[in-house]
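Coordinate inspection notes
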Amino acid sequence: MAPAEILSGKIVSGQVRERLKQQVIEMTEKFPGFRPGLAILQVGNRDDSNLYIHMKLKAAAEIGISANHIKLPNTATEADVLKCIASLNADPAVHGFIVQLPLDSDNPINTEKITNAVAPEKDVDGLSSINAGKLSRGDLGDCFIPCTPKGCMELIRQTGVQVAGKRAVVIGRSKIVGAPMHDLLLWNNATVTTCHSKTSTLAEEVGKADILVVAAGRAEMVKGEWIKPGAIVIDCGINHVPDSTKASGKRVVGDVAYNSAKEKASFITPVPGGVGPMTVAMLMQSTVESAQRFLEKFQPGKWTIQYNQLTLKMPVPSDIEISKSCMPKPIEQVAKEVGLFPDEVELYGQTKAKVQLSVLKRLQNQPDGKYVVVTGITPTPLGEGKSTTTVGLVQALGAHLHQNVFACVRQPSQGPTFGIKGGAAGGGYCQVIPMEEFNLHLTGDIHAITAANNLVAAAIDARMFHEQTQSDQALYNRLVPSVNGVRKFSEIQIRRLQKLGINKTDPMALTKEEVNAFVRLDIDPGTITWQRVLDTNDRFLRKITIGQSATEKGFSRTAQFDITVSSEIMAVLALADGLDDMKKRFGRMVVASSKKGQPVTADDLGVTGALAVLMKDTVKPNLMQTLEGTPVFVHAGPFANIAHGNSSVLADKIALKLVGKDGFVVTEAGFGADIGMEKFFNIKCHYSGLRPHVVVLVATVRALKMHGGGPAVTAGVPLPKEYTEENLQLVAKGCSNLNKQIQNARMFGVPVVVAVNAFKTDTKAELALVVQHAKEAGAFDAVECTHWAEGGKGALALARAVQRASQAPNNFRFLYNVELPIVDKIRLIAQQVYGARDIELLPEAQEKVALYTKQGFGNLPICMAKTHLSLSHDPEQKGAPTGFVLPIRDVRASVGAGFLYPLVGTMSTMPGLPTRPCFYDIDLDPVSGEVNGLF
């Protein structure tokens, strides 16, 4: 018969590499910025290992795989190696990961323990017990196969001979070649016999083989005369035998006597140049396959989420009873379900986590989802259920319509939690859980804000004290001290010098006049706008005197405490676009004016860097979940009067990337549409660059009856009968407020869906009347909602309406150009949004407008601070009043956050405790550790 056809591993592996190279190109075109990643971990410095690794790195580079060689010294311990493996297992950029064997360490290391520590989904060498077990039971599509057997199978396929039904013999039983080769042939339907060096009838067994794979590690052990005529022979051996004709005195041979075997076989692999090149090619192929599996699993698309089934009860139990009845999923699971990588999530226990901002960079090329803002009509003091509607809507979209959806909500202050309002996690069967975690410390963001805010306050008074008690030179010597004989400006001090127009970096080079300008902030105490804060309702801190100790040498002044969420630092957190942007905003925060009328900033105080350090973790959004298992970001909670009342820009941006182009992100704006929604559009969207698709306007029969002339609604007092009995006349008259708020939303060019939040005392006729009025007023749709009692199921009609509205034409626009004069912007909001005839600036407001314009802050957006209980400045004026003049008492600046806030009336920034605060009912079970009484 004719000599065997040579199966050249060099040729076949070249073809494989070209195919892989094209696959990588296609992968990177489809997913810009993505590359398959291979990590090679080596212990020690063996020459043979170095050679093999060099070959692998070269092949990876040719194909386009990003390869990383991690080399540990031969002093590495088993613990060192395991720590490195854990890090590589968690690295999302690593898709294939091999440990180069043998491990060249001076310390004892269990090789099997090391190979089994590699994550099975990254074990492209196929050496872990899990991958070996899957191969042995035939799960070929769900495991990685060791590279040499995989290469052997590729060579066998090149012959065109069908493996199924053939008799195969494998000589060798190693975990790396022999044993997996047996399994691979078996599950390709060959009849397989495994032999080894101790097999007594080896020649006889070889003679039966249609396919012979030899991996015995013995030079030319298999003789040509043993081989069945026409057999396929795959020789995996690499052995050195003496050869005086070679310069090295030896030559490489396989486990098969090649010259005699090729006369009997139909196909045969040479040594070298046969199986060897295929091993590296198969390693590359497994790495590319792993990257493809990774993309299929993690690319933005349909999430695979385990939703929680609600067990609805009537009457509806208390919020905390419902919250406790539902077992939250581990937050790790929620993160994985929405496509977050392990290294992008910082766990805070089992039910909450922080999400790294690096996810934005990873998903920067992915399209955003649909952006929905939930707002409301002018509410009663009881609130109309915006938070409940937000949660109900996402539960409906997610758990019932199986859309990718995220809720983005504000973190509540602990002050009202222990005061009069109670918790703020939604209500009924529409809650963020666990509600006690949500309403209490969460991940400590508010505490960090308290610390950062009060550091600024301390810096202000300390600086004034030191300036009043020291000479210029003494101040300078302390501000720029000599350390080991060297004086040096800090980075923040150099920024102050540049702001003063002093372009010097040598502390010894400043003139006396320059030293004076540098060390003297010369703060005017009467202009200080920065107050200390506390996250507790405490009315006796509304006005205090500080500096009464004798150590302060008589430098006392009147000051106050605000509640923490009113701090400008909270507003900065909510509007920041990242850590760097947040730091810059901190530096711009104006805390007072100098006696010459110049703004004094946190940067001037030298505190910016310290604020960034205190706030570095707060910038990461907090991940939680709803009762039905849909994801929620809880991040930032600025006041809705003196600030913009919306959750963070960063949470929205991350959520929009995670849900993908067909998903939804639902966020909530504080108070009514005239306040929270207007600020969402003109402030939050101005800075974020995001454009909303739908406005959901929450209305209730109760609030409309109030606007129609019903009796006063007071928290803690039973509702008058007008609110519990049918009264269509009051509802119809009150719809003037609904109509105005619909017009307000449409003014910004965004479709409006009205959610009529039904209470048990509402009648069908009343609800139908509201729906009719809303549609007549120009709403895209209006639907009745029963989500409080039914969870997501009760908001299905709302969810479908939002889906339709998100496809409607959208001509979003801002109300004003920020370059307009301050007064013009205030007037536009008052006339267009509130319905005022005009505005009136009181003397103090006029002075501030002139000051801020002079200081260069005139082009900031406007954040109106007025009552949320009326469209006007008078909380007693209900409905949709017109023709009134809006009085502007004062104007203040949150320059770091990026807005001016005119004060319409008196705004309380420190709530007080009522006669019977909520804390009477809050308790801890010392046995179970459960919190009781939170609303």
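The paragraphs below set out a description of the structure included in this document. Source: prediction; values computed, not measured.

Below, the discussion takes up the overall build of the chain. Along the chain, the regular secondary structure elements total 33 helices and 37 strands. Dimensions of the chain, computed from C-alpha atoms along their principal axes, come out at roughly 110 × 80 × 55 Å. When burial is assessed residue by residue, the chain has 55% of its 935 residues classed as buried. Restricting the contact set of the chain to residue pairs at least 6 apart, pairs at least 24 apart contribute 74%. Carbon and sulfur atoms provide 52% of the accessible area of the chain, an area that totals close to 38500 Å².

Now for the nonpolar core. Membership of the largest hydrophobic core comes to 89 residues, with the highest contact counts inside it found for F406, F633, L738, V754 and L886. Sequence-distant contacts of V754, defined by excluding residues within four places in its chain, comprise L697, A699, L738, I742, A774, A779, D781, A782 and V783. Among the nonpolar cores identified, the runner-up in size contains 55 residues, and V24, I65, I232 and L295 belong to it.

Cis peptide bonds are those with omega within 30 degrees of zero, and the linkage from M314 to P315 qualifies with -5 degrees. Take P315: it is sitting in the loop between α10 (275–298) and α11 (319–325). Looking along the chain, the bond that leaves I433 and enters P434 is cis, with omega of -10 degrees. Along the polypeptide, P434 turns up in the loop between β17 (430–433) and α16 (435–439). In this structure, K553 is a non-glycine residue whose phi angle is positive, near 55 degrees. Here K553 shows up in the loop between β21 (544–546) and β22 (557–559). Judged by relative accessible area, which is 57%, K553 ranks as exposed. Even without being glycine, F671 reaches a positive phi, approximately 60 degrees.

A cluster of nonpolar side chains, contributed by L51, Y52 and M55, occupies part of the molecular surface with about 300 Å² of accessible area. Of note, L51 is situated in helix α2 (residues 47–63).

Quick look at helix α28 (residues 728–747) now. An α-helical turn contains 3.6 residues, so a residue and the one three or four places further along point in the same direction. Helix length check: α28, at 20 residues, gives a terminal C-alpha distance of 28 Å against a target of 28 Å (1.5 Å per residue), a fit within 8%. Here α28 has its buried residues at L730, V731, G734, C735, N737, L738, K740, Q741, I742, N744 and A745. Within two residues after α28, G749 carries a phi angle of roughly 80 degrees, on the positive side.

So, on to the sheet that holds strand β4 (residues 96–99). Spatial strand order, β3-β2-β4: 3 strands in an open sheet with parallel pairing. At either margin of the open sheet sits one strand with a lone partner, and together these are β3 (66–72) and β4. On average, adjacent strands in this sheet sit at an angle of 15 degrees to one another, irrespective of strand direction. Pairing of strand β2 (residues 37–43) with β4 involves 4 bridges; the strand directions are parallel.

Counting buried residues in strand β5 (residues 167–171) gives 4 out of 5 residues, a clear majority hidden from the surface. Pairing analysis gives 5 bridges linking β5 to strand β6 (residues 191–195), with the strands arranged parallel. Its bridge partner being in β6, V170 is matched across the sheet by T194. Viewed along the sheet, the connection from β5 through helix α7 (residues 178–186) into β6 turns out right-handed.

This structure, assessed with the given rule, holds 15 aromatic pairs. Ring centres of F489 and F518 lie 5.6 Å apart, and the angle between their planes is 65 degrees; this geometry places the pair in the edge-to-face category. Residue F489 is found in the loop between β19 (486–487) and α19 (491–499), and its partner F518 is found in helix α20 (residues 512–519); the two are separated by 29 residues along the sequence. Feature note: the residues Y371, F680, F681, F748, F812 and F814 constitute an aromatic cluster, connected by ring pairs.

Interaxial distance between helix α14 (residues 386–400) and helix α31 (residues 796–806) falls to 8 Å at its minimum, and their mutual angle equals 80 degrees. Taken together, the axes of α14 and α31 lie roughly perpendicular to each other. Across the interface between the two elements, T389, L393, A396, L397 and H400 of α14 pack against L796, L798, A799, V802 and Q803 of α31. Considered class by class, the residues forming the contact of α14 with α31 number 7 nonpolar, 3 polar and no charged.

Relative to the helices and strands, R746 resides in helix α28. For R746, a relative accessible area of 46% corresponds to the partly exposed category. When neighbours within four sequence positions are excluded, R746 is seen to be in contact with V752, A777, G778 and R813.

Mapped onto the secondary structure, M435 falls in helix α16. What makes M435 buried here is its relative accessible area of 2%.

As a further point, take the environment of K657. Structurally, the position occupied by K657 is in helix α25 (residues 649–659). Sequence separation between K657 and L363 is 294 residues; the distance between their C-alpha atoms is 6.3 Å.

It is possible for side chains of opposite charge to pair when their charged atoms get near one another. According to the stated counting rule, one finds 47 salt bridges in the structure shown. The shortest N-O distance in the salt bridge between R17 and E62 comes to 3.3 Å. Of this pair, R17 sits in helix α1 (residues 9–30) while E62 sits in helix α2; the two residues are 45 residues apart in sequence, bridging distant segments of the chain. Under the relative-accessibility criterion, R17 is labelled partly exposed at 21%. The partner of D445 in a salt bridge is K354, and the shortest N-O contact between them spans 3.0 Å. Of this pair, D445 sits in helix α17 (residues 445–469) while K354 sits in strand β13 (residues 353–355), and the two are 91 residues apart along the sequence.

Reading guide: rules and limits
Residues numbered from 1 in each chain as written. Predicted model: local features only at pLDDT ≥ 70, side-chain atom pairs only at ≥ 80, totals over all residues. Heavy atoms only, no water. Helix = DSSP H or I, 4+ residues; strand = E, 2+ residues; numbered from the N terminus. Buried < 20%, exposed > 50% of the residue type's maximum accessible area, 1.4 Å probe, protein only. Contact = heavy atoms within 4.5 Å. Areas by Shrake-Rupley, 256 points an atom, 1.4 Å probe, with all protein chains shown as cover. Core = buried A, V, L, I, M, F, W, Y, C linked by side-chain atoms within 4.5 Å. Patch = residues over 30% accessible without salt bridge, like charges linked within 9 Å, V, L, I, M, F, W, Y side chains within 5 Å. Salt bridge = Lys/Arg side-chain N within 4 Å of Asp/Glu carboxyl O. Expected span 1.5 Å × (residues − 1). Pairing = 2+ DSSP bridges. Axes fitted to C-alpha atoms, helices over the stretch in contact; angles between N-to-C directions. Right-handed = clockwise from strand over helix to strand, strands pointing away. Phe/Tyr/Trp six-rings, centres within 6.5 Å; stacked < 30°, edge-to-face > 60°. Parallel < 35°, antiparallel > 145°, perpendicular 65-115°, else oblique. Nonpolar A, V, L, I, M, F, W, Y, C, P; charged D, E, K, R; others polar.

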